[in-house]
Amino acid sequence: DRESFEQIKREPPVGRAKGSKLRNVELFRFCSQAFLELLAAACVMKTYLPGQSVVVEGDEEEDVRMFVLVGGVLSVELGGQQIGTVLHGSTFGERAFLGQA
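These figures come from a predicted structure and were not determined experimentally. Within any chain, residue numbers begin from 1 and follow the written order of that chain's sequence. Local features in this predicted model are restricted to residues whose pLDDT is 70 or higher, and side-chain atom pairs enter the listing and the counts only when it is 80 or higher, whereas totals over whole chains, interfaces and linings include all residues. Excluded from the side-chain calculation are hydrogens and water; included are all heavy atoms of the structure.

**A look at the overall build of the protein**
Move 1: From N to C terminus, the protein includes four helices and six strands.
Move 2: Burial here depends on accessible area, computed with a 1.4 Å probe over protein chains only, as a share of the maximum for the residue type. Under 20% is buried, over 50% is exposed, and the range in between is partly exposed. Within the span of the protein, comprising 101 residues, buried residues form 12% of the whole.
Move 3: Any two residues having at least one pair of non-hydrogen atoms within 4.5 Å are treated as being in contact. The long-range fraction of contacts in the protein, counting pairs at least 24 apart against all pairs at least 6 apart in sequence, stands at 48%.
Move 4: Methods summary: accessible areas were calculated by the Shrake-Rupley approach with a probe of 1.4 Å, and residue burial reflects only the protein chains presented. Of the roughly 7,800 Å² of accessible surface on the protein, 54% is carried by carbon and sulfur atoms. Per the convention used, a helix needs a DSSP run of H or I reaching at least four residues, while a strand needs a run of E reaching at least two, with both numbered from the N terminus.

And the structure:
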C-alpha cells in the first residue's frame, strides 16, 4: 500500500551483508572467503528505491561511508543532469572513507 511504500522511502530496510554478495565486487575479487565474511559482518546493507538519493553532494555525514552496489544501477547527477552511472559490483565513496577526499 502507499503508506508502506512511503515508509520504505523515508527509512530503507537495513540488514547485514553476506560475504557471497561481496565476492562479485571487483575490489574484493581476490580476497579469501574468510575475509569476505568478516568484512560482510561489519557492513550494513541498505535498500534504496528508484529515484531515492543515496548520497547528495555537499551533505555532511557523521560517519563517512564506502558504498558497494550489490544490485541495480545508480545514476550520478550533477546540477540535475546525469553525468554517469554506477553499475552492479562497483564501489564508490572509498576515497572519502579512507580520508583522501
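**Side note on a nonpolar patch on the surface**
Move 1: Note on patches: the residues involved have over 30% relative accessible area and no salt bridge, like charges join within 9 Å, and the nonpolar side chains Val, Leu, Ile, Met, Phe, Trp and Tyr join within 5 Å. A side-chain nitrogen of Lys or Arg and a carboxyl oxygen of Asp or Glu constitute a salt bridge if their distance falls within 4 Å. Together, Val64, Phe97 and Leu98 line one region of the surface with nonpolar side chains, adding up to about 300 Å² of accessible area.
Move 2: Relative to the elements of secondary structure, phenylalanine 97 occurs in helix α4 (residues 94-97).
Move 3: A relative accessible area of 46% places phenylalanine 97 in the partly exposed class.

**Describing the layout of surface pockets**
Move 1: Points on a 1 Å grid, built from protein atoms alone, make a cavity when a 1.4 Å probe fits but cannot get out and make a pocket when they are open with protein on both sides within 12 Å along at least 5 of 7 lines; residues with an atom within 4 Å of a point are the lining residues. Grid points are joined across faces, edges and corners, and a volume is the space filled by probe spheres set on the points. Taken as a whole, the largest pocket encloses approximately 2,000 Å³ of empty space.
Move 2: The set of elements that each furnish at least two residues to the lining of the largest pocket consists of α3 (33-42), β2 (45-46), β3 (67-68), β4 (74-78), β5 (81-86) and α4.
Move 3: In terms of residues, the lining of the largest pocket owes the most to one element, β4, which gives five residues.
Move 4: Put simply, Ala, Val, Leu, Ile, Met, Phe, Trp, Tyr, Cys and Pro go in the nonpolar bin, Asp, Glu, Lys and Arg in the charged bin, and everything else, Gly too, in the polar bin. Taken together, the residues of the lining of the largest pocket break down into 31 nonpolar, ten polar and eight charged.

**Some points on the pattern of salt bridges**
Side-chain pairing between opposite charges can occur once the charged atoms of the two side chains come close.
Move 1: Inspection of every chain in the model, using the stated rule, returns one salt bridge.
Move 2: With a shortest N-O distance of 2.9 Å, glutamate 26 and arginine 29 are connected by a salt bridge.
Move 3: A residue is classified by how much of its surface remains accessible, and glutamate 26, at 52% relative accessible area, is exposed.
Move 4: Of the residues examined, arginine 29 reaches a relative accessible area of 41% and is grouped as partly exposed.

**A closer look at the environment of leucine 22**
Move 1: Relative to the helices and strands, leucine 22 is located in helix α2 (residues 19-22).
Move 2: Taking the C-alpha atoms as reference, leucine 22 lies 9.4 Å from glutamine 33; in sequence the two are eleven residues apart.
Move 3: For leucine 22, the residues in contact, after removing those within four places along its chain, are Phe28, Leu36, Leu39, Ala40 and Val68.

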